[in-house]
Each structure stands twice: as C-alpha cells, then as structure tokens.
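Structural features, examined
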Amino acid sequence: MSTLKYISKYPQQVKDQVIQLVEDHKLSDYLLNKYPTTHPYVNDKSLKEYTVSIKNEYIKRSAPLSQVMYDPKIHVIKNALGLHTVISRIQGNKLKRKNEIRVSDVFRKAPEAFLRMIVVHELAHLKEMEHNKAFYKLCCHMDIDYHQLELDMRLYLTQLALVGDIY
C-alpha cells in the first residue's frame with residue numbers, strides 16, 4: 001500500500017495494526033475518538049503566538065523567532081511537514097541571525113496535538129540541528145507524548161491520503 005508511506009519505518013506489528021484499521025474502515029474513528037476537535041490557530045499571527053508561548057516555556061535562551069507561518073507549498077515541494085530556517089546576514093560588523101519556522105498548511109485544520117508535535121519538533125531544531133538522541137530528548141521534554149503524537153500524526157496523514165479530510 002503506497003498510502004502507508006508515512007509509517008514505512010515503523011515495525012511490522014504497527015504496520016499490520018494500521019492495515020487492519022484501514023481495511024475495517026476504522027482509522028478515522030480511531031483518530032476522531034482520540035482527537036475529536038481541531039485547534040483555533042488558523043492564521044499566521046495566532047500560530048506565531050502559540051509557537052512563541054511554547055518556546056518561552058521550554059527554551060527561553062534560544063534565539064528569538066522572526067517569523068512563524070503556515071506554508072501551503074511545504075508538503076508538496078519539500079516533502080516535509082514543517083521547516084526551520086536560519087538566515088544569517090552581516091549588518092556592519094555584526095552577524096545577525098533570523099530564525100523562521102514554517103508549518104505545512106495541512107495542519108491549519110488539524111487537532112491541536114498534531115500542530116503541537118510539529119511546532120515542538122521545529123523548536124527543538126533551534127537547539128539541536130540533527131535528529132539525534134539529544135534532539136528527541138528535547139522533543140520529549142517539551143511534550144512527554146511526543147513519540148505517540150508523531151505516530152498518530154502519521155496515521156492522520158495516512159487517512160488524508162486515503163479519503164481526505166475527516167474534520
């Protein structure tokens with residue numbers, strides 16, 4: 001099943017459970033029972049406020065965010081769900097650094113838990129650039145259920161690929 005591309009790296013046991021949910025047409029029921037509502041952060045301004053509040057709670061000493069926005073092109077072009085970029089510019093004899101976070105437009109109308117997982121992931125890149133042990137430890141510090149949310153978010157993307165929106 002090409003629609004299982006989002007969970008291809010998971011153990012076969014997990015894949016078998018997902019295949020069973022898909023075949024029984026119960027994947028959307030699972031997601032709706034666990035995540036019944038969407039979040040209110042539908043514009044770039046509210047997304048930035050949400051992201052900055054999480055950043056200020058967990059990683060205060062990191063560089064400020066210059067821009068946080070939804071980007072409709074990310075999922076299609078970059079095959080990603082969120083992007084963090086660091087732009088360095090020389091101003092006089094100082095090096096200025098700007099941090100930006102872009103979130104795929106897919107999450108504009110998704111459960112808050114999935115948006116939080118993406119935001120936490122991108123914020124963790126402010127401290128740890130690589131996907132290593134320290135990176136995932138920081139993600140789990142910001143959201144204790146990070147790994148479960150990542151799996152459920154991948155199930156959500158699988159559902160979107162199969163039949164489209166469920167909310």
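Before any of the text, the structure's been laid out above.
The structure displayed is predicted, hence computed values, not measured ones. (Residues numbered from 1 in each chain as written. Predicted model: local features only at pLDDT ≥ 70, side-chain atom pairs only at ≥ 80, totals over all residues. Heavy atoms only, no water.)

**Description of the packing of helix α3 (residues 44-58) against helix α5 (residues 112-127)**
A packed helix pair is summarised by two numbers, namely the angle formed by the two axes and the spacing between the axes. Under the convention used in this document: The convention used is that axes are lines fitted to C-alpha atoms, helices contributing only their stretch in contact, and that angles between N-to-C directions extend from 0 to 180 degrees. Numbering of helices and strands starts at the N terminus; helices are DSSP runs of H or I of at least 4 residues and strands are runs of E of at least 2. Each angle receives one of four descriptions, namely roughly parallel if under 35 degrees, roughly antiparallel if over 145, roughly perpendicular if within 65 to 115, and oblique otherwise. By definition, any crossing whose near helix is turned counterclockwise from its far helix by less than a right angle is left-handed, and any crossing with a clockwise turn is right-handed. Contacts are residue-level and defined by heavy atoms, with any inter-residue pair within 4.5 Å sufficient.
It is at 10 Å that the axes of α3 and α5 come closest, and there the two elements cross at 60 degrees. When the axes of α3 and α5 are compared, the pair comes out oblique. For α3 against α5, the interelement crossing comes out right-handed. Only Glu112, Leu115, Arg116, Val119, Val120, Leu123 and Leu126 of α5 make contact with α3, whose side of the interface consists of Leu47, Tyr50, Thr51, Ile54, Lys55 and Tyr58.

**Notes on helix α6 (residues 133-142)**
Cut-off, in case you're wondering: Throughout, exposure labels follow a simple rule: accessible area from a 1.4 Å probe, protein chains only, divided by the maximum for the residue type, with under 20% read as buried, over 50% as exposed, and the rest as partly exposed. In this description, the arc belongs to the directions extending from the helix axis to the C-beta atoms.
Every buried residue belonging to α6 is among Phe135, Leu138, Cys139 and Met142, and all of these are buried. The buried residues of α6 all sit within an arc of 100 degrees when viewed along its axis, so they share a single face. In α6, the exposed residues that point more than 90 degrees away from the buried face are Lys133, Lys137 and His141. Looking at the buried positions of α6, the neighbouring elements they touch are α3, α5 and α7 (146-163).

**Thoughts on the pattern of salt bridges**
The following threshold applies: Within this document, salt bridges are pairs made up of a side-chain nitrogen of Lys or Arg and a carboxyl oxygen of Asp or Glu, the two lying within 4 Å of each other.
According to the stated counting rule, one finds 6 salt bridges in the structure shown. In this structure, Arg102 and Glu100 form a salt bridge, with 3.5 Å as the shortest nitrogen-oxygen distance. Its salt-bridge partner being Arg154, residue Glu150 comes within 3.3 Å of it at the nearest N-O pair. Separated by 4 residues within a single helix, Glu150 and Arg154 lie in helix α7, roughly one turn from each other. A relative accessible area of 13% means that Glu150 is categorised as buried. Look at Arg154 and you get partly exposed, because its relative accessible area is 25%.

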